[in-house]
Amino acid sequence: MTIRLPDTSGALRTYEPRTEPLALTPGAPLASRTVFSAAHVVADPFADVSPDSAAAVDWDATLAFRRHLWSHGLGVAEAMDTAQRGMGLDWAGAAELIRRSAAEAKAVGGRIACGVGTDQLTAGTLAEIRSAYEEQLALVEASGAQAILMASRALAAAARGPEDYVEVYGHLLRQASEPVVLHWLGPMFDPALEGYWGSADLDAATDTFLEVIAAHPDKVDGIKVSLLEAQREIDIRRRLPQGVRCYTGDDFNYPELIAGDEQGFSHALLGIFDPLGPLAAEAVRVLDTGDTAGFRALLDPTVELSRHLFQAPTRFYKTGVVFLAWLAGHQSHFTMVGGLQSARSLPHFARAYEVADGLGLFPDPKLAEERMKNLLALYGVTQ
């Protein structure tokens, strides 16, 4: 069987899908690295909503996907940008997601960490921003999940300089009951975060970021760096206090960063590990045996797909993630909260399908092919 796929020039070309998926089954728990997948939410396709409405979530399918990730030994990073936090999912929806996912994690023995932000606000004073962070931190801690202190659009707008970041984060870290993960999300993921940590100069911003950590090393489990610059992450990693982990958020360079070098390595908290979950887990199990070459042999070929999904505008990578979840049979439809299924083009979807199929990511290649053909037909492509 073949399928005709459009390219960026508008021409159609013939592609022959693979017939067998990559054989991946749950295995031993991961040992050498702590790995979180930032997981997407599944929209309710039957809800009568608009892009301006509160998100309508299919809770059964959303939680089933988290169980899928846990079954392969991955942790779940909940209510992060992969879950369309601030792009269709508001704080009320995120709070419900955190409560439900944390309860599910407790029931099945899965590891979970949840995003803490300030998305109750569109703008505010530093005192209001601290209060918003505190409300979310309290909910996450009450749920029994680990907290991830996410970057705040409101703080980026209100801060007068690095000292305001030092004050706000210091206040939150002092009151956190358990060590948290600090998340530095670059403006390629969210343009409103330009100049975070008080400077558009990344060297100066890095110094402020590390100053916050150095003042509270006992309250920082680790950092997640999402700047898509491998060398900068390595440099930051080497400057961390002993015991503070680096969780790579670099969806362009993750294999080399997780593999590490003679001076250390990164753990992982990645959006690309949503569609790559089983394969990523298998690669880390190979790394657990000391086989770095085998790890790279499994994970390096996935970078092409990740770079495609995360291409500019990077903030719309979630559309490709949900598209692949639909093709893989993890949900029955290709609908997203906020209508973001329309955020990428048909040639983008076609290339994502082709690369993911080539990697063997679809448990049922025939189902994926049929669904891809259905999407193509909606766009007027006949086979």
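Refer to the structure above for everything that follows.
All values reported here derive from a predicted model rather than from experimental measurement. Every residue gets a number counted from 1 within its own chain, in the order that chain's sequence is written. Where totals are concerned, whole chains, interfaces and linings use all residues; where local detail is concerned, this predicted model gives features only for residues with pLDDT of at least 70, and gives and counts side-chain atom pairs only at 80 or more. To obtain the side-chain values, all non-hydrogen atoms of the structure were included, while hydrogens and water were left out.

J.: What is the right way to read helix α6 (residues 202-215) from this model?
T.: Each α-helix turn comprises 3.6 residues. Residues three or four places apart therefore point the same way. A helix here means a DSSP run of H or I that spans at least four residues, while a strand means a run of E at least two residues long, and both kinds are numbered starting from the N terminus. For a helix, the expected span equals 1.5 Å multiplied by the residue count minus one. End to end, α6 covers 20 Å across 14 residues, agreeing with the expected 20 Å (1.5 Å per residue, within 8%). When we look at burial in α6, the residues that qualify are Ala 205, Thr 206, Thr 208, Phe 209, Leu 210, Val 212 and Ile 213. Of the surrounding secondary structure, the elements contacted by the buried residues of α6 are α5 (162-175), β7 (180-185), β8 (220-226) and α7 (230-238). For α6, the N-terminal capping position is held by Asp 201, with its side-chain oxygen 2.8 Å away from the main-chain nitrogen of Asp 203. Only protein chains enter the accessibility calculation, which uses a 1.4 Å probe; a residue is then buried when its area is under 20% of its type maximum, exposed when over 50%, and partly exposed in between. Contacts are assigned to residue pairs that have any heavy atoms within 4.5 Å of one another. The definition of a polar contact used here is a pair of N or O atoms within 3.5 Å, where within protein one atom must be able to donate a hydrogen and the other to accept one, and adjacent residues in sequence count solely through side-chain atom pairs.

J.: Honestly, the packing of aromatic side chains in this entry has me stumped. Any pointers?
T.: Ring pairs (aromatic) are described by centroid distance and by the angle formed between their planes. The criterion for an aromatic pair is that two Phe, Tyr or Trp rings (for Trp, the six-membered ring) have centres within 6.5 Å, with stacked assigned to planes under 30 degrees apart, edge-to-face to planes over 60 apart and tilted to the rest. In total, this model carries 20 aromatic pairs according to the counting rule given. Seen in terms of ring centroids, Phe 189 and Tyr 317 are 6.1 Å apart; in terms of plane orientation they differ by 85°. Their pairing is edge-to-face. With Phe 189 in the loop between β7 and α6 and Tyr 317 in helix α12 (residues 317-327), this residue pair connects regions lying 128 residues apart in the sequence. Each member of the pair Phe 189 and Tyr 317 is classed as buried. Taking the centre distance of 5.9 Å and the plane angle of 15° together, the rings of Tyr 353 and Phe 362 count as stacked. The pair formed by Tyr 353 and Phe 362 is uniform in burial state, with each residue classed as buried. Of the aromatic side chains, those joined through ring pairs into one cluster are Tyr 133, Tyr 165, Tyr 169, Trp 184, Tyr 196, Trp 197 and Phe 209. Above the ring of Phe 265, the side-chain terminus of Arg 33 is found at 3.5 Å from the ring centroid. Counting as a charge over the ring demands two things of the Lys NZ or Arg CZ atom: a distance within 6 Å of the ring centre and an angle within 35 degrees of the ring normal.

J.: It is not clear to me how the environment of Ala 55 should be interpreted in this structure. Could you clarify?
T.: Here Ala 55 lies in the loop between β3 (35-38) and α1 (59-71). For Ala 55, a relative accessible area of 26% translates into the label partly exposed. Ala 55 sits 130 residues away from Leu 185 along the chain, and the two C-alpha atoms are 23 Å apart. Those residues in contact with Ala 55 that sit more than four places away from it in its chain are Gly 88, Leu 89 and Val 337.

J.: Please explain the pattern of salt bridges as it appears in this structure.
T.: Every case where a carboxyl oxygen of Asp or Glu lies within 4 Å of a side-chain nitrogen of Lys or Arg is listed as a salt bridge. This model, assessed by the stated rule, comprises 20 salt bridges. For Glu 96, the salt bridge identified is with Arg 99, shortest N-O distance 3.2 Å. Taken together, the residues Glu 96 and Arg 99, both in helix α2 (residues 91-108) and three residues apart, mark about one turn of the helix. Its relative accessible area of 24% is what places Glu 96 among the partly exposed residues. With a shortest N-O distance of 3.0 Å, Glu 167 and Arg 130 are connected by a salt bridge. One end of the pair, Glu 167, is in helix α5; the other, Arg 130, is in helix α3 (residues 126-143), and 37 residues separate them in sequence. Here Glu 167 falls in the partly exposed class, since its relative accessible area comes to 32%. It is possible to trace a salt-bridge network through shared partners that takes in Arg 13, Glu 304, Arg 351 and Glu 354.

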